[in-house]
Amino acid sequence: MSDLLVLAETDGAQTLPGTQPLLGFAQRYAAETGADFDVLLLGGTEIGVEAEAYRQFGARRVVVAASPDLQHPTADRAAAVCEAVMRQTGCQSLAGLSSSFGRDVLPRVAARRDLPMLSDVMRLEKTGDGLIFQRPMYAGSLIATVRIEGEDGVFSVRGTAFGPPESVEKTSEVEAFDVATITLPGGVTWISLEAGANKRPDLTMASVVVSGGRPLRDAETFERLLGGLADRLGGAVGATRAAVDSGIAPNELQVGQTGKTVAPQLYIAAGVSGSIQHLAGMKDSKVIVAINNDPDAPIFEVADYGMVADLNDVIPQLMDRLN
Amino acid sequence: MKILVAIKRVPDPYSKIRLDADGQIDESDFTWVINPFDEIALEEAVRLRERGHTVEIVAVGIGDAEWEAQLKTALAMGADRAILVLDDEPADPGSVSELLAAVFRREQPDLVLMGKQATDDDYNQTAQRLAALLELSQATFASALEVSGDEKRATVTREVDAGRETLEVSLPAIITADLRLNEPRYVALPAILKARSKPLERLPASELGARKAAGVAIIKMEAPPRRSAGRRVQDVDELAGLIRAAAGRS
Ligand SMILES: Cc1cc2nc3c(=O)[nH]c(=O)nc-3n(C[C@H](O)[C@H](O)[C@H](O)COP(=O)(O)OP(=O)(O)OC[C@H]3O[C@@H](n4cnc5c(N)ncnc54)[C@H](O)[C@@H]3O)c2cc1C
Ligand SMILES: Nc1ncnc2c1ncn2[C@@H]1O[C@H](COP(=O)(O)O)[C@@H](O)[C@H]1O
């Protein structure tokens, strides 16, 4: 397999914690294939200050692509930079996080370079038949073991499936990519980001997640009960699609096939039926606790501890006991 | 304005997925539907018409003859005509996007609406690939869409990990639907009857002269490790203790 470019997870202003498991994947890839990897920090003019923090993970180079035009890196521009940096570094494969950013950018690069792409990679392993990968299909009802045609590919990596990278002794070189040498596409104008209040840990990285569904009724109840319980545990809050659809919770909290994937130490599901689409995003959690007033709710089939009860009674009591 | 809507046929997302003795997906009990996200994409095209844009809606699917059923449903939902690109090969996003690019060049639409992901393969790639092949702007995961009066630009709100992002894209562009873009309507019987007279073109994939892209080979599929149900807890104090322990707080 060819050398790998790793697109650090970024919002343009800074790199994001999801980069850690991505580097874990890259180390694994390098160990299994003997190939090198480079890390690309892409973003606005300040992104370069972070280069130092990425020199200790065994990358051959840390490449910095900083430009005011990448402050809000839209997919067309980020893909153009990835493509050019792959040319500059000689990396023929590319990996990023399976996040809204990675999912937006990576397939674009795959098409530009005519590469096969694997979405949501959970595992990789060298076998007698070459490098094989695992990825979920049908909302995680099936796990496919796959191989790409050829030596080069694009990979979006499921963050919860890889641990953080190990530090190594040798430090990586830092190299600048001059964004001015390429023409960035101009068809997309970034207008705004309406971000949720960021007072809790990142949902995908939190060690405790308290999630709720439709029966939370309204945004105020959701915040009071689930937010209250999460805060007592230092955790993050998640939601089902039904809760988001009915305006009880903001979209960035949706866990599931089409939302975020989480795998915390502890996942508490309150008033969550346990649909296959929801399970797709949380069933790799270490311990699952379910609170549901229907003894036959499917969530109990995956829960380590289940309580058949009304969440409106139980959660305040739990909050009380966990104070 | 001409809108191309990509339609994929998938098993009903609530189906139970089982493997047969050969490790292949057992399709015998499947009900086949339009990929839910594509239904939302199509509904959005219809709503653009209802909001006063003059639109021609062309539904396109790349698959085998069975896909006619889903394309007929698309016609009943409001597409004006449909194209079935007949291809028996198992499709992956690389090759499908090449074929869609060929259809795009033939049809020259002002806007392509697609689903953000297919609920069977869960790839989430085809639209972004198509945009790259055509060197067009993309706005994925849309939860709101507005097309300017002159139909040269679209404003799109996207569901991203951090919240809701708004972009303006020049048209033509590729836009993918997320769950909250709209709620597709029920198709009433008169619409189904009326759709029978709408054109459905069958086009062999080979006639489009598209390249076959490098793909992915599935070696095997298996059910994920099963979690077994744990135990029921009756007492809140006990539950609090278990939660405290699992959260690593003693
Ligand atoms: C294409 C597609 C993609 C999807 N993607 C996702 C996704 O990413 N994430 C996701 O979550 N869903 C997703 N869904 C939706 C999914 O199928 C379910 O509809 C959804 O997860 C149900 O949410 P819920 O459990 O909150 O609601 P419900 O199904 O209404 O369940 C509510 C549960 O709460 C229990 N309950 C009610 N009152 C109380 C009470 N007072 N105390 C305790 N328990 C109570 C009920 O017994 C029930 O089990 C998707 C669906 C489709 C078709
Ligand atoms: N064979 C196909 N025919 C038509 N459209 C497709 C096909 N495959 C994928 N698409 C479109 O691409 C979207 C994303 O699919 P995927 O990249 O496979 O997750 C789908 O929601 C469809 O709109």
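Computed from a predicted model, the values in this text were never measured in an experiment.

## Describing the overall build of chain A
For step 1, the next point in the chain: Scanning chain A from N- to C-terminus turns up seven helices and 16 strands.
For step 2, the next point in the chain: Expected size for 323 residues packed as a compact globule is a radius of gyration near 20 Å; at 21 Å, chain A falls within 12% of this value.
For step 3, the next point in the chain: Every one of the 323 residues in chain A was classed for burial, and the buried ones make up 62%.
For step 4, the next point in the chain: When contacts within chain A are restricted to residue pairs at least 6 apart in sequence, those whose partners lie at least 24 apart make up 64%.
For step 5, the next point in the chain: Approximately 11,800 Å² of chain A is accessible, and the part contributed by carbon and sulfur atoms is 46%.
For step 6, the next point in the chain: Charge separation in chain A, taken as the distance between the mean sites of 27 positive and 41 negative side-chain charges, equals 2 Å.

## Points about the sheet that holds strand β14 (residues 266-270) of chain A
For step 1, the next point in the chain: Taken in spatial order, the six strands line up as β13(A)-β12(A)-β14(A)-β15(A)-β16(A)-β13(B) in an open sheet, and their pairing is parallel. The sheet is open, and its two edges are formed by β13 (236-239) of chain A together with β13 (231-232) of chain B, each paired on a single side.
For step 2, the next point in the chain: Strands β14, β15 (287-292) and β16 (305-308) of chain A of the sheet are contacted by helix α7 (residues 311-321) of chain A, whose axis makes an angle of about 130° with β15(A).

## Some details on empty space enclosed by the protein
For step 1, the next point in the chain: All told, the structure shown has three cavities of 30 Å³ or more when counted by the stated rule.
For step 2, the next point in the chain: Estimates place the volume of the largest cavity at around 180 Å³.
For step 3, the next point in the chain: Looking at the largest cavity, it is lined by 19 residues, and the ones nearest its centre are A:R103, A:D120, A:Q257, B:Q117 and B:D122.
For step 4, the next point in the chain: Residue contributions to the lining of the largest cavity peak at three residues, all from strand β5 (residues 117-121) of chain A.
For step 5, the next point in the chain: Taken together, the residues of the lining of the largest cavity sort by class into five nonpolar, nine polar and five charged.
For step 6, the next point in the chain: Roughly 50 Å³ of internal volume is contained in the second largest cavity.
For step 7, the next point in the chain: Forming the boundary of the second largest cavity are A:L115, A:P116, A:M117, B:D92, B:P93, B:G94, B:Y123, B:Q125, B:R129, B:A214, B:G215 and B:V216.
For step 8, the next point in the chain: A breakdown of the residues in the lining of the second largest cavity according to their chemical character gives seven nonpolar, three polar and two charged.

## Section: the pattern of salt bridges
Residue and element names in this part refer to chain A.
For step 1, the next point in the chain: Inspection of the entire model under this criterion finds 42 salt bridges over all chains.
For step 2, the next point in the chain: The partner of R224 in a salt bridge is E220, with the nearest N and O atoms 3.3 Å apart. Note that R224 and E220 are positioned in helix α4 (residues 219-232) at a spacing of four residues, about one turn of the helix.
For step 3, the next point in the chain: According to the relative accessible area criterion, R224 is partly exposed, its value standing at 44%.
For step 4, the next point in the chain: Overlapping salt bridges bring together D3, D36, D38, R60, R61 and E175 as one network.

## Section: the site of ligand 1
For step 1, the next point in the chain: The environment of ligand 1 is formed by 31 residues, the closest being A:T240, A:V255, A:S273, A:Q277 and A:N292.
For step 2, the next point in the chain: One of the backbone N or O atoms of A:Q257 is found 3.2 Å from an oxygen atom in ligand 1.
For step 3, the next point in the chain: Taking A:D310, its side chain carries an N or O atom lying 3.0 Å from a nitrogen atom of ligand 1.
For step 4, the next point in the chain: Alone, ligand 1 offers 990 Å² of accessible surface; in the complex the protein occludes 85% of this.
For step 5, the next point in the chain: Broken down by secondary-structure element, the contributors of at least two residues to the shell around ligand 1 are α5 (241-245), α6 (276-279) and α7 of chain A together with α1 (36-50) of chain B.
For step 6, the next point in the chain: A class-by-class count of the residues in the shell around ligand 1 yields 11 nonpolar, 16 polar and four charged.

Cut-offs and rules
Residues numbered from 1 in each chain as written. Chains lettered and ligands numbered in written order. Predicted model: local features only at pLDDT ≥ 70, side-chain atom pairs only at ≥ 80, totals over all residues. Heavy atoms only, no water. Helix = DSSP H or I, 4+ residues; strand = E, 2+ residues; numbered from the N terminus. Rg over C-alpha atoms; globule rule 2.2 N^0.38 Å. Buried < 20%, exposed > 50% of the residue type's maximum accessible area, 1.4 Å probe, protein only. Contact = heavy atoms within 4.5 Å. Areas by Shrake-Rupley, 256 points an atom, 1.4 Å probe, with all protein chains shown as cover. Lys, Arg positive; Asp, Glu negative; His and termini not counted. Charge placed at Lys NZ, Arg CZ, Asp CG, Glu CD. Pairing = 2+ DSSP bridges. Axes fitted to C-alpha atoms, helices over the stretch in contact; angles between N-to-C directions. 1 Å grid on protein atoms, 1.4 Å probe; cavity = no way out; pocket = protein on both sides within 12 Å on 5 of 7 lines; lining within 4 Å. Points joined across faces, edges and corners; volume = space filled by probe spheres on them. Nonpolar A, V, L, I, M, F, W, Y, C, P; charged D, E, K, R; others polar. Salt bridge = Lys/Arg side-chain N within 4 Å of Asp/Glu carboxyl O. Near = heavy atom within 4 Å. Polar contact = N/O pair within 3.5 Å; in protein donor to acceptor, adjacent residues only side chain to side chain.

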